[in-house]
Amino acid sequence: MSHPSNAPAKDVMKKLVALCKRRGFVYQSSEIYGGLKSAYDYGPLGVELKRNLMNEWWSDLVHRRENVVGIDASVIMHPEVWQASGHAAGFADPLVDCLISKERFRADKAPQPAIGAELPIQCADKGQAKTYQEAIAKRFGINLDREGTQLLGLRVADDGTVRARQDEQWSLPFRGYVSPLIGSPFLSEERQFNLMFRTALGAVDPMQDAAETLATLTAADDLATAVREHFPKQAAQADSALGKALASGDRARLMRALIEQVTGPSMVYLRPETAQAMFVQYKNVMDSLGLKPPFGIAQMGKSFRNEVTTEHFIFRSCEFEQMEMEFFCQPGSQKEWMSYWKDERMRWWRQYANNPNWFRYRKHDEDELAHYADDCYDVEFLYPWGWDELEGIASRTDHDLHAHEERSGVKLRYTDPEQSDPATGKAPWSYRPYVIEPAAGATRGVLVYLVDAFCEEQRTDAKGKTVTRTVLKLHPRLSPIKCAVLPLVQKDGMPEKAREVIDAFLAAGIPAKFDGKGSIGKRYAKHDEVGTPCAITVDGQSLEDGSVTLRDRDTTEQIRIPLAEAVARVRERLDAGQAS
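Scope of this entry: the structure provided in the associated data block. Residues take numbers from 1 onward in each chain, read along the sequence in its written order. Reporting of local features is limited, given that this is a predicted model, to residues whose pLDDT is at least 70; pairs of side-chain atoms are given and counted only at 80 or more, and all residues count toward the totals for whole chains, interfaces and linings. To obtain the side-chain values, all non-hydrogen atoms of the structure were used and water was disregarded.

Concerning the sheet that holds strand E9 (residues 154-156)
Item 1. The criterion for strand pairing is that DSSP finds at least two bridges linking the strands in question. Each helix corresponds to a stretch of at least 4 residues labelled H or I by DSSP, and each strand to a stretch of at least 2 residues labelled E; elements are numbered beginning at the N terminus. If you trace the three strands from one edge of the open sheet to the other, you get E9-E10-E11, paired in antiparallel fashion. Each edge of the sheet is formed by a strand with only one pairing partner; in this case those strands are E9 and strand E11 (167-173). Adjacent strand axes in the sheet meet at a mean angle of 30 degrees, parallel and antiparallel pairs treated alike.
Item 2. Bridging between strand E10 (residues 161-164) and E11 involves four bridges; their strand directions are antiparallel. Pairing of Ala 164 across the sheet is with Asp 167, part of E11. Axis geometry follows a simple rule: fit a line to the C-alpha atoms, using only the stretch in contact for helices, then measure angles between N-to-C directions, giving values from 0 to 180 degrees.

See below:
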């Protein structure tokens with residue numbers, strides 16, 4: 001699918017990142033210490049934007065529906081939760097290094113050129129192209145052609161190798177993919193990388209126990225014999241990590257298995273998703289509230305993933321916030337509910353957008369689906385770098401409840417006394433519900449609406465000069481500040497009158513901001529840049545007849561209104577944007 005004609009500018013991210021820091025939306029974490037990669041702090045305006053977004057989600061998913069309830073679960077859960085869900089064993093992705101650029105990436109997400117395809121290596125600039133050309137020639141013995149910022153001459157041959165037109169005798173094994181950053185086929189072997197953060201539960205440091213155990217065992221003449229004597233039960237189990245390490249004869253692997261053996265009992269994980277708590281608490285929620293499928297459990301909160309590649313500002317980071325809902329329905333009804341939630345979620349995202357055509361669906365191909373899913377869609381957004389994921393909507397069948405039922409031994413079923421079991425034709429019907437899961441990233445949603453709202457307009461100022469006006473056209477319900485109250489000058493009783501207006505807004509529960517610093521034009525520009533939808537100016541006439549000017553952020557039009565109507569007029573603007 002091609003990009004809409006009004007696609008976001010490619011350079012908008014650089015401008016947006018600068019605006020976010022300058023105006024207090026997002027800061028680099030621990031910046032005075034050089035910053036921490038993939039960690040961000042939300043400033044005074046950023047935290048309001050994020051909370052407004054999450055509150056709108058909660059209001060739509062929970063407060064406006066009778067069949068969806070919420071929970072707030074612990075970030076740390078029993079380790080067996082992640083064993084049952086497959087995260088502990090399977091939440092490890094194959095990692096590959098580009099031997100030229102040193103980029104590290106996930107093999108399962110890398111571009112996969114077809115047989116016969118050319119393999120141009122795209123460099124950042126001509127200097128980098130020359131450096132990479134020399135490195136490839138020295139390490140791999142082939143001198144590629146350099147044209148501007150590209151290195152040319154490689155292709156995927158019919159025999160599944162990489163060949164070069166400069167030397168038909170030269171070849172390189174083709175891994176089936178190239179590096180995402182520069183398109184390089186010069187790659188390392190795949191290695192496993194665990195995406196979950198681990199920590200220890202308890203006041204005693206398990207590493208001390210591990211150190212003492214290793215010191216004792218490694219002092220023995222025969223390490224393997226000492227391990228078997230120290231851990232006889234675990235060493236005898238051929239399928240255990242310790243048993244496999246002993247069988248391999250690999251000393252490094254055995255040392256790792258020993259550390260895992262000693263520290264394992266106190267190890268827990270920071271959750272990589274909020275979803276599993278909703279499966280684990282499904283029975284408690286259903287029983288305590290007397291719920292009957294179809295019903296949903298919603299949760300917002302932080303999750304943690306030790307991402308291989310963190311990129312595009314807050315798009316992908318190690319610590320992020322999610323907005324997820326698990327909707328439990330009767331087996332056989334999942335297609336109907338999948339269609340419903342797919343449409344509902346697209347409606348929700350588009351209703352706050354200036355550019356609704358920047359959102360689209362992407363249906364997962366059969367080879368993309370998880371083995372347990374029978375359907376999945378992504379809500380994609382047109383970011384400055386192209387279409388990418390915003391939210392996933394998956395039909396997960398009864399996989400998760402089944403997995404936790406088997407691991408815990410607790411029945412996670414619903415018994416409907418009024419329905420006949422399709423297998424027997426007799427009532428009652430006891431079944432594990434199927435699940436539809438709309439799962440969105442709150443922090444990614446913040447980025448989406450910042451990109452959607454960012455606008456630069458060419459205007460003529462009072463002196464007749466053409467100037468660029470930067471404005472965040474945020475939906476009024478998402479805007480951090482709803483109204484700016486501005487005294488025209490800082491004298492003649494105007495600041496005092498403006499303070500009265502502020503008090504009225506705050507008493508009405510509307511976030512408003514007094515701003516008296518700088519010229520009135522600069523103050524308008526500042527609030528345009530942070531997305532404040534309304535501005536009220538108190539001037540000399542306000543003191544005479546009790547009227548003020550109300551300015552609209554998007555059109556910059558100003559009208560004169562009675563001061564007594566100010567709160568009602570702004571509330572009207574907010575309510576006009578309310579979801580229907």
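Focus: empty space enclosed by the protein
Item 1. Using a 1 Å grid laid over the protein atoms alone, points where a 1.4 Å probe fits but cannot get out form a cavity; open sets with protein on both sides within 12 Å along at least 5 of 7 lines form a pocket; any residue with an atom within 4 Å of a point counts as lining. Grid points are joined across faces, edges and corners, and a volume is the space filled by probe spheres set on the points. Tallied over the full model, the rule gives one cavity of 30 Å³ or more.
Item 2. Considered as a void within the structure, the largest cavity measures approximately 30 Å³ in volume.
Item 3. If you go around the largest cavity, the residues you meet are Ala 484, His 527, Asp 528, Thr 532, Pro 533, Cys 534, Ala 535, Arg 551 and Arg 553.
Item 4. Among the elements of the structure, helix H17 (520-529) and strand E27 (534-538) are those that each provide at least two residues to the lining of the largest cavity.

Digging into helix H19 (residues 566-576)
Item 1. Each residue gets one of three labels from its accessible area relative to the maximum for its type: buried under 20%, exposed over 50%, partly exposed in between, using a 1.4 Å probe on protein chains only. Taken residue by residue, H19 has Ala 566, Val 567, Val 570 and Leu 574 as its buried positions. Buried residues along H19 cover an arc of 95 degrees about the axis, so they all sit on one side. For H19, the exposed residues lying more than 90 degrees away from the buried face are Glu 572 and Ala 576.
Item 2. Any pair of residues with heavy atoms lying within 4.5 Å of one another is described as a contacting pair. Residues of H19 that are buried sit in contact with strand E25 (483-487), helix H16 (494-507), E27, strand E28 (547-552) and strand E29 (558-562). Directions drawn from the helix axis to the C-beta atoms are what define this arc.

Things to note about the nonpolar core
Item 1. What makes a nonpolar core is a set of buried Ala, Val, Leu, Ile, Met, Phe, Trp, Tyr and Cys residues whose side-chain atoms join them at distances within 4.5 Å. In terms of nonpolar packing, the biggest core is built from 58 residues, with Phe 25, Trp 349, Phe 359, Leu 447, Tyr 449 and Leu 472 touching the most fellow members.
Item 2. In this structure Trp 349 touches Met 323, Phe 359, Val 379, Leu 390, Glu 391, Ala 440, Gly 445 and Tyr 449, once residues within four positions along its chain are discounted.
Item 3. Ile 142, Val 162, Ala 164 and Tyr 177 belong to the second-largest nonpolar core, a separate cluster that totals 28 residues.

Some words on the packing of aromatic side chains
Item 1. Centres within 6.5 Å make a pair out of two Phe, Tyr or Trp rings, where for Trp the six-membered ring is used; the pair is then stacked when the planes are under 30 degrees apart, edge-to-face when over 60, and tilted otherwise. Overall, the coordinates contain 26 aromatic pairs when judged by the stated rule.
Item 2. Judged by centre distance (6.2 Å) and plane angle (45 degrees), the rings of Trp 57 and Trp 58 are tilted. Considered together, Trp 57 and Trp 58 belong to a single accessibility category, that of buried residues.
Item 3. With a centroid separation of 6.2 Å and 85 degrees between ring planes, the pair formed by Tyr 352 and Tyr 449 is classed as edge-to-face. Linking Tyr 352 in the loop between helix H13 (334-351) and strand E17 (359-363) with Tyr 449 in helix H15 (residues 442-453), this pair joins segments that are 97 residues apart in sequence. For the pair Tyr 352 and Tyr 449, one class covers both residues: buried.
Item 4. Every member of this aromatic cluster is reached through a ring pair, and the members are Phe 315, Trp 358, Phe 359, Phe 381, Tyr 383 and Trp 385.
Item 5. Throughout this description, the term charge over a ring refers to an Arg CZ or Lys NZ atom that lies within 6 Å of the ring centre and within 35 degrees of the ring normal. Sitting above the plane of the Tyr 42 ring, Lys 50 keeps its charged end 4.9 Å from the centroid.
Item 6. Between the NZ or CZ atom of Arg 444 and the centre of the ring of Phe 315, over which it lies, the distance is 3.7 Å.

As for the packing of helix H2 (residues 44-63) against H13
Item 1. At a minimum axis distance of 12 Å, the contact between H2 and H13 shows a crossing angle of 145 degrees. When you trace H2 past H13, the crossing you get is right-handed. Contacts from Leu 53, Glu 56, Trp 57, Asp 60 and Leu 61 of H2 reach H13 at Trp 341, Arg 345, Arg 347 and Trp 348.
Item 2. Counted by class, the contact of H2 with H13 contains five nonpolar, no polar and four charged residues. Note on convention: the crossing is left-handed when the near helix lies turned anticlockwise from the far helix by less than a right angle, right-handed when the turn is clockwise. Residues were grouped as follows: Ala, Val, Leu, Ile, Met, Phe, Trp, Tyr, Cys and Pro as nonpolar; Asp, Glu, Lys and Arg as charged; and all remaining residues, including Gly, as polar.

Focus: the pairing of E29
Each regular strand shows side chains that alternate between the opposite faces of the sheet.
Item 1. Bridge analysis of E28 against E29 gives five bridges, and the strand direction is antiparallel. Pairing of Val 548 across the sheet is with Ile 561, part of E29.

Some words on H15
The periodicity of an α-helix, 3.6 residues per turn, causes residues three or four positions apart to be oriented the same way.
Item 1. Over its twelve residues, H15 runs 16 Å from end to end, which matches the ideal 16 Å to within 8%, given 1.5 Å per residue.
Item 2. Most of H15 is tucked away, with twelve of its twelve residues classed as buried.
Item 3. For H15, the full list of buried residues reads Ala 442, Thr 443, Arg 444, Gly 445, Val 446, Leu 447, Val 448, Tyr 449, Leu 450, Val 451, Asp 452 and Ala 453. Given the number of residues in a helix, its expected span is that number minus one, multiplied by 1.5 Å.

Considering unusual backbone geometry
Item 1. With an omega dihedral of 10 degrees, the bond running from Pro 293 to Pro 294 counts as a cis peptide bond.
Item 2. Of note in this structure, Lys 102 is not a glycine but carries a positive phi near 70 degrees.
Item 3. Mapped onto the elements, Lys 102 comes out in the loop between strand E4 (92-97) and strand E5 (104-106).
Item 4. At Thr 556, a residue that is not glycine, the phi angle is positive and equals roughly 65 degrees.
Item 5. Inspection of the secondary structure assignment puts Thr 556 in the loop between E28 and E29.
Item 6. The exposure class of Thr 556 is partly exposed, given its relative accessible area of 21%.

Some words on the environment of Lys 37
Item 1. Structurally, the position occupied by Lys 37 is in the loop between strand E1 (26-28) and strand E2 (40-42).
Item 2. Linking Lys 37 and Ser 317, residues 280 residues apart in sequence, is a C-alpha distance of 8.5 Å.

Considerations on the sheet that holds strand E8 (residues 150-152)
Item 1. The strand order E6-E8-E7 describes an open sheet built from three strands, whose pairing is antiparallel. Bordering the open sheet on either side are strand E6 (121-122) and strand E7 (145-147), each of which pairs with just one other strand.
Item 2. Both E7 and E8 contribute to a ladder of three bridges, which runs antiparallel. If you follow Arg 146 over to E8, its bridge partner there is Leu 151.

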